[in-house]
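Architecture at a glance
Next come the chains, spelled out residue by residue.
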Amino acid sequence: MHKEIDHVDESYAALIAASPFFVLATVGPGGLDCSPRGDMPGFVTVRDAKTLLIPDRKGNNRLDSLRNILFDDRIGMLFLIPGCGETLRVNGRAELSCDPELCASFEMASKPPASVMIVHVEAVYFQCSRAVVRAELWNPERHVERTSLPSAGTILREITARNAAVETFDGEAYDRALPERVKATLY
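All of the points below concern the structure found in this document.

Conventions adopted
Residues numbered from 1 in each chain as written. Predicted model: local features only at pLDDT ≥ 70, side-chain atom pairs only at ≥ 80, totals over all residues. Heavy atoms only, no water. Helix = DSSP H or I, 4+ residues; strand = E, 2+ residues; numbered from the N terminus. Buried < 20%, exposed > 50% of the residue type's maximum accessible area, 1.4 Å probe, protein only. Contact = heavy atoms within 4.5 Å. Areas by Shrake-Rupley, 256 points an atom, 1.4 Å probe, with all protein chains shown as cover. Lys, Arg positive; Asp, Glu negative; His and termini not counted. Charge placed at Lys NZ, Arg CZ, Asp CG, Glu CD. Polar contact = N/O pair within 3.5 Å; in protein donor to acceptor, adjacent residues only side chain to side chain. Disulfide = S-S within 2.5 Å. Phe/Tyr/Trp six-rings, centres within 6.5 Å; stacked < 30°, edge-to-face > 60°. Arc of directions from axis to C-beta. 1 Å grid on protein atoms, 1.4 Å probe; cavity = no way out; pocket = protein on both sides within 12 Å on 5 of 7 lines; lining within 4 Å. Points joined across faces, edges and corners; volume = space filled by probe spheres on them. Nonpolar A, V, L, I, M, F, W, Y, C, P; charged D, E, K, R; others polar.

Counting its secondary structure elements, the protein contains six helices and seven strands. Element order for the protein, N to C, with α for helix and β for strand: α-β-β-β-β-α-β-β-α-β-α-α-α. For the protein, the spread of C-alpha atoms along the principal axes amounts to about 55 × 45 × 35 Å. Sorting the 187 residues of the protein into buried and exposed places 33% on the buried side. Considering only contacts within the protein whose residues lie at least 6 apart along the sequence, 62% involve residues at least 24 apart. As presented, the protein carries roughly 11800 Å² of accessible surface, and 57% of it is formed by carbon and sulfur atoms. Of the charged side chains in the protein, 21 are positive and 26 negative, and the gap between their average positions amounts to 4 Å.

Following this line, the structure appears as structure tokens:
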């Protein structure tokens, strides 16, 4: 319990700055949501000891987390750092800002984010490495060969095939176009 503090100190700020990825937990009228957030290390800015700033980068366009924050501002964040066993947890309350100057400060590839999440920090603490060590998460020998799993196009084709109201979905065309579509719409 001694590792939990109500602000981001210098050590915890270093972990946030090194992290290219975190998972965001929110709650809304439809229940709980957990979604990934990622960019180059340092994409989450520590404005001050009680405030984090996070650009809203392009994703799957579901907007579940953003809608949830408008309903209930409580959030949880779990930061991962490649090669590091410990994770960092941040709990707090969030608000969304579309302030043009703030959004412009997070511009990438000449594109500002649609909004910036302002996190008011309430609790910060590191989580021990046991789960990451047990999972061998960073061990390249344990990485799964992507072709051994169903592709996004295959999953979408199978799901839409069950719905008579949806026209036939071309999963192979979707998979072929996906790498370029991701590159072209990264920011």
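What follows covers the side chain of D39. Residue position: D39 is located in the loop between β2 (31-38) and β3 (45-48). With relative accessibility at 12%, the residue D39 sits in the buried group. Here R57 takes part through its side chain, which lies 2.8 Å from a polar atom of the side chain of D39. Side-chain polar atoms of D39 contact the side chain of Y187, separated by 2.4 Å.

All chains considered together, the criterion is met by zero disulfides. Cysteine C103 is unpaired, with the sulfur of C98 as its nearest cysteine sulfur at 5.8 Å. The class of C103 is buried, set by a relative accessible area of 4%. Cysteine C128 is unpaired, with the sulfur of C84 as its nearest cysteine sulfur at 12 Å.

Further remarks concern the packing of aromatic side chains. Counting across every chain of the model gives three aromatic pairs. Taken together, a centroid distance of 6.0 Å and an interplanar angle of 15° make the contact between F22 and F43 stacked. In this pair, F22 is assigned in strand β1 (residues 21-28) and F43 in the loop between β2 and β3, connecting sequence segments 21 residues apart. The class of F43 is buried, set by a relative accessible area of 6%.

The phi dihedral of L63 is positive, around 65°, even though this residue is not glycine. Within the fold, L63 resides in the loop between β4 (51-55) and α2 (64-71). Exposure remark for L63: the relative accessible area of 44% places this residue in the partly exposed category. Not every positive phi belongs to a glycine, and A109 is a case in point at roughly 50°. As for its placement among the helices and strands, A109 is situated in the loop between α3 (100-104) and β7 (116-127).

Moving on, we get to α2. Within α2, burial applies to S65, L66, N68 and I69. Looking straight down α2, one finds its buried side chains confined to an arc of 160°; they lie on one side. Facing away from the buried surface of α2 by more than 90 degrees, the exposed residues are L70 and F71. Looking at the buried positions of α2, the neighbouring elements they touch are β1, β2, β5 (74-80), β6 (87-97) and β7.

The volume enclosed by the largest pocket comes to roughly 1000 Å³. Listed by contribution, the elements that provide at least two residues to the lining of the largest pocket are β2, α2 and α6 (171-184). When residues in the lining of the largest pocket are grouped by element, the largest group, five residues, is from β2. By residue class, the composition of the lining of the largest pocket is 14 nonpolar, seven polar and ten charged.

The quantities given are spatial measurements derived from coordinates; they are silent on function.
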